[in-house]
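Now for the letters of each chain:
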Amino acid sequence: MYKVLIVEDDPTVRRGLCTTIRWEELRCRVVGEAPNGEEGVEMAEKFSPDIVITDVKMPRMDGVEMIRQLRKNGCQARFIILTAYSDFGYAQSAIRLGVSDYLLKPLRDGAIEEAVQAVTKADRPGTEERPVLPDFDPGRHFKAKYVDEALEFIRSRYREDINIGMVAGYLDLSEGYLSRILKRETGYSFTEYLTTYRIWRSMEYLRDCRIKVYEAAEKVGYQDTAYFSSQFKKIVGMSPSEYQSRCR
């Protein structure tokens, strides 16, 4: 069973999410609920949920900041955001933090169930091609000073037009030195790691069959879908559409 945490400041909505959805049919159970992001962090650390369903606008700590803190603390849960606010700035922040879905209120019937099923399906054996990027582990930590910080910079801003000069400046290092330690420790150059991370993230999006290839490309920082597709095929060994079809 997947453990679910509900974080929502409206008590009526929160109670409805807890009681009206047939969680057992989704192979899930609600392990906790919280009225704001601050308590959500505490509950997540206590129960280690697999899925967190959270509102964005909440008192004391909003949903995006809660996700940011949990990610920083190593939380590997899948996040589904619910909000009545269609401000794209929130969507961008959420996407950078790797949320699995972003749903606008009022929710249509079945939206939560579909989002949860997409998350749990992605975790089942046989729902993705294996091995895919077998040597790439974005969560791996390195002993060399600055390497983890450089990789965290990439992971937090991979959708932007970043380069090694920006990261070196952020860390107050020379580009040459940063380039050498990245290659030595990770086996990837800066550009290779950035590209591979973008493609790895796009694979997560493509496992949701509702996401179009061009949408997945945009979500990971590519405006040119044809270029994205060529990079994807070079790294994964098949086109994005082929990968998505095999995930079905």
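Quick notes on the rules
- Residues numbered from 1 in each chain as written.
- Predicted model: local features only at pLDDT ≥ 70, side-chain atom pairs only at ≥ 80, totals over all residues.
- Heavy atoms only, no water.
- UniProt positions renumbered as here; feature names shortened; annotations may be inferred.
- Core = buried A, V, L, I, M, F, W, Y, C linked by side-chain atoms within 4.5 Å.
- Buried < 20%, exposed > 50% of the residue type's maximum accessible area, 1.4 Å probe, protein only.
- Helix = DSSP H or I, 4+ residues; strand = E, 2+ residues; numbered from the N terminus.
- Contact = heavy atoms within 4.5 Å.
- pLDDT = per-residue confidence, 0-100.
- Salt bridge = Lys/Arg side-chain N within 4 Å of Asp/Glu carboxyl O.
- Pairing = 2+ DSSP bridges.
- Axes fitted to C-alpha atoms, helices over the stretch in contact; angles between N-to-C directions.

As recorded in an unreviewed UniProt entry, the chain goes by Stage 0 sporulation protein A homolog and comes from Candidatus Lachnoclostridium stercoripullorum. Here is the UniProt Function (unreviewed entry) comment for the chain, exactly as written: "May play the central regulatory role in sporulation. It may be an element of the effector pathway responsible for the activation of sporulation genes in response to nutritional stress. Spo0A may act in concert with spo0H (a sigma factor) to control the expression of some genes that are critical to the sporulation process." Annotation of the chain in UniProt includes, under Subcellular location (unreviewed entry), the sentence "Cytoplasm".

1. So, the nonpolar core
Ranked by internal contacts, the top residues of the largest apolar core, which has 37 residues, are L178, F190, F228 and F232. Mapped onto this core, the elements with two or more residues apiece are α6 (147-157), α7 (164-171), α8 (175-186), α9 (190-206), α10 (213-219) and α11 (225-236). In terms of residue count, the dominant contributor to this core is α9 (8 residues). Once you skip the residues sitting within four places of it in the chain, F228 turns out to touch I199, S202, V213, A217, V220, Y222 and P240.

2. Some details on the confidence of the model for the chain
Summarising the model, the chain shows a mean pLDDT of 86, and 89% of its residues fall at 70 or more. At the level of individual helices and strands, the chain shows its lowest average pLDDT in helix α4 (residues 88-96), which scores 62, and its highest in strand β1 (residues 2-7), which scores 95. Per-residue pLDDT stays below 50 along residues 125-131; that stretch engages in 11 contacts with residues further than four places along the chain or on separate chains.

3. Focus on the pattern of salt bridges
Two side chains of opposite charge can pair, provided their charged atoms sit close to one another. Across all of its chains, the model carries 13 salt bridges by this definition. In this structure, R60 engages E38 in a salt bridge whose closest nitrogen and oxygen atoms are separated by 2.6 Å. Here R60, found in the loop between β3 (51-55) and α3 (63-72), pairs with E38, found in helix α2 (residues 37-47); they are 22 residues apart in sequence, far enough to count as distant. For R60, a relative accessible area of 57% puts it in the exposed group. Between E192 and K183 there is a salt bridge, and its shortest N-O distance comes to 3.3 Å. Under the relative-accessibility criterion, E192 is labelled partly exposed at 38%.

4. Quick notes on the sheet that holds β3
Strand order in the open sheet formed by 5 strands is β2-β1-β3-β4-β5, with parallel pairing between adjacent strands. Looking at strand neighbours, the two that pair on one side only are β2 (28-34) and β5 (101-104), the edges of this open sheet. Mean inter-strand twist for the sheet, computed between neighbouring axes without regard to direction, equals 20 degrees. Pairing geometry for strand β4 (residues 78-83) and β5, over 4 bridges, is parallel. Bridge pairing links I81 to Y102 in β5. In the packing of α3 onto the sheet, contacts are made with β1, β3 and β4, and the angle to β3 comes to roughly 150 degrees.

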